[in-house]
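If you want the building blocks of each chain, they are given just below.
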Amino acid sequence: GGADDDALSSVYALVDCNNFYASCERVFNPKLENQPIVVLSNNDGCVIARSEEAKTIGIKMGVPVFEIPEIIEQNNVHVFSTNYALYGDISQRVMNTISQMVPEMEIYSIDEAFVDLSFIPEKEQETFGKKIKETVKKWTGISVSVGIGTTKTLAKLANHLAKSDKKFNGVLSLGNSKFKEELLKTVKVENIWGVGEKYAQYFQKRNLINAFELLQADENRIREKLGVVGQRIVLELRGTICYPLNENPEMKKEICTSRSFGNPIETYDELEQATTTYVAKVGKKLRLEKSLAQSLLVFVMT
């Protein structure tokens, strides 16, 4: 056989904390177990984190808290302001715990890390993923999901599936999954790492609706249209490593949402409403990328 069936060919796991900020609040107050929790943005304006229970009762990400007083009242939702000192401290504990179990890791954001699992034979990788999950829970009180794949993009995708389908119990390896093709068909292109709104629209127009269809696409044509980053998404889905540890698709330096108004805006209130909506959209994009903004520029032109 070639390098492909070598037990020690390259493999990554993405370890991702579930509902991280909400889970941190729970670690310090176990009475909150099974209770709906939301955490609000810096000025207590919008919901930026939700426990599973809060998602179930229909609280949406990014919703301004003043719009949902009834839901909060009726369901006894616990509302917290962000406590970054606490989240940073727990994040460090989680990352330290993981780092003691693997030779190499890359902290990707406050609640996610990529780890190199190539030192574990393929048949044992999923078991090792479960061990990571159990150890982190035991040592820190935080529950994580673990996705395992031969590239970071596949690990991200496995993680997405491990989170969204109860039957995996939070751990999934795509490597040794007999149903790899079936699983890839269940993931929509917009849920693939590195696929933003523009890419998603481009793929959908070409009838590339799920990860399996994208994997089979002509990567050179995609490169012509979307550049090397688009091409790499396809290659990574096929198992070709484009992003080793500590290298990732370039994060955007800025995000812009600008629209022309459909009808003349004549009052300050209308303008404020429109502006607020756009800022909320930009904020959502920012959170999806796990980025942090230094400044916000609002401009209006007649």
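Reading the values: the criteria
Residues numbered from 1 in each chain as written. Predicted model: local features only at pLDDT ≥ 70, side-chain atom pairs only at ≥ 80, totals over all residues. Heavy atoms only, no water. Helix = DSSP H or I, 4+ residues; strand = E, 2+ residues; numbered from the N terminus. Rg over C-alpha atoms; globule rule 2.2 N^0.38 Å. Buried < 20%, exposed > 50% of the residue type's maximum accessible area, 1.4 Å probe, protein only. Contact = heavy atoms within 4.5 Å. Lys, Arg positive; Asp, Glu negative; His and termini not counted. Charge placed at Lys NZ, Arg CZ, Asp CG, Glu CD. Salt bridge = Lys/Arg side-chain N within 4 Å of Asp/Glu carboxyl O. Pairing = 2+ DSSP bridges. Core = buried A, V, L, I, M, F, W, Y, C linked by side-chain atoms within 4.5 Å.

**Q** Is there a simple way to think about the overall build of the protein chain in this case?
**A** Scanning the protein chain for helices and strands turns up 11 helices and eight strands. For 302 residues, the compact-globule formula gives about 19 Å, and the C-alpha radius of gyration of the protein chain, at 21 Å, lands near that figure. A buried classification covers 43% of the 302 residues belonging to the protein chain. Long-range pairs, those at least 24 residues apart, make up 59% of the contacts in the protein chain with a sequence separation of at least 6. If you average the places of the 37 positive and of the 40 negative side-chain charges in the protein chain, the two averages end up 2 Å apart.

**Q** Explanation requested: the pattern of salt bridges in the structure shown.
**A** It is possible for side chains bearing opposite charge to pair when their charged atoms get close. The full count for this structure, using the stated rule, is nine salt bridges. Among the salt bridges present, the one from Lys-152 reaches Glu-106, with a minimum N-O distance of 2.6 Å. With Lys-152 in helix 6 (residues 152–164) and Glu-106 in strand 5 (residues 105–109), this pair connects stretches of sequence that are 46 residues apart. The exposure class assigned to Lys-152 is buried, which follows from its relative accessible area of 0%. Two residues, Lys-167 and Asp-165, come together in a salt bridge whose shortest N-O distance is 3.1 Å. Residue Lys-167 is classed as exposed on the basis of its relative accessible area of 60%. Of the residues examined, Asp-165 reaches a relative accessible area of 27% and is grouped as partly exposed.

**Q** So what exactly am I meant to see when it comes to the pairing of strand 5 here?
**A** Consecutive side chains along a regular strand alternate between the two faces of the sheet. Along strand 5, four of the five residues are buried, which leaves the element largely enclosed by surrounding structure. Strand direction decides the pairing type here: strand 5 and strand 6 (residues 112–116), joined by four bridges, are antiparallel. By the bridge assignment, Ser-109 is partnered in strand 6 with Glu-112. In textbook terms, the turn of a hairpin is the stretch between consecutive antiparallel strands, and for strand 5 and strand 6 this stretch comprises two residues.

**Q** Where do I start with the nonpolar core in this structure?
**A** Side chains of a nonpolar character, in soluble globular proteins, are inclined to be buried together. Membership of the largest hydrophobic core comes to 31 residues, with the highest contact counts inside it found for Phe-20, Ile-98, Val-102, Leu-117 and Ile-142. Breaking this core down by element, the ones donating at least two residues are strand 1 (12–17), helix 1 (20–28), strand 3 (47–50), helix 4 (84–99), strand 6, helix 5 (122–140) and strand 7 (144–149). Every residue in contact with Phe-20, bar those within four places of it in the chain, is listed here: Tyr-87, Ile-90, Ser-91, Ile-110, Asp-111 and Ile-142. If you look at the next biggest cluster of nonpolar residues, it comprises 29 residues, including Ala-158, Leu-174, Val-189 and Val-195.

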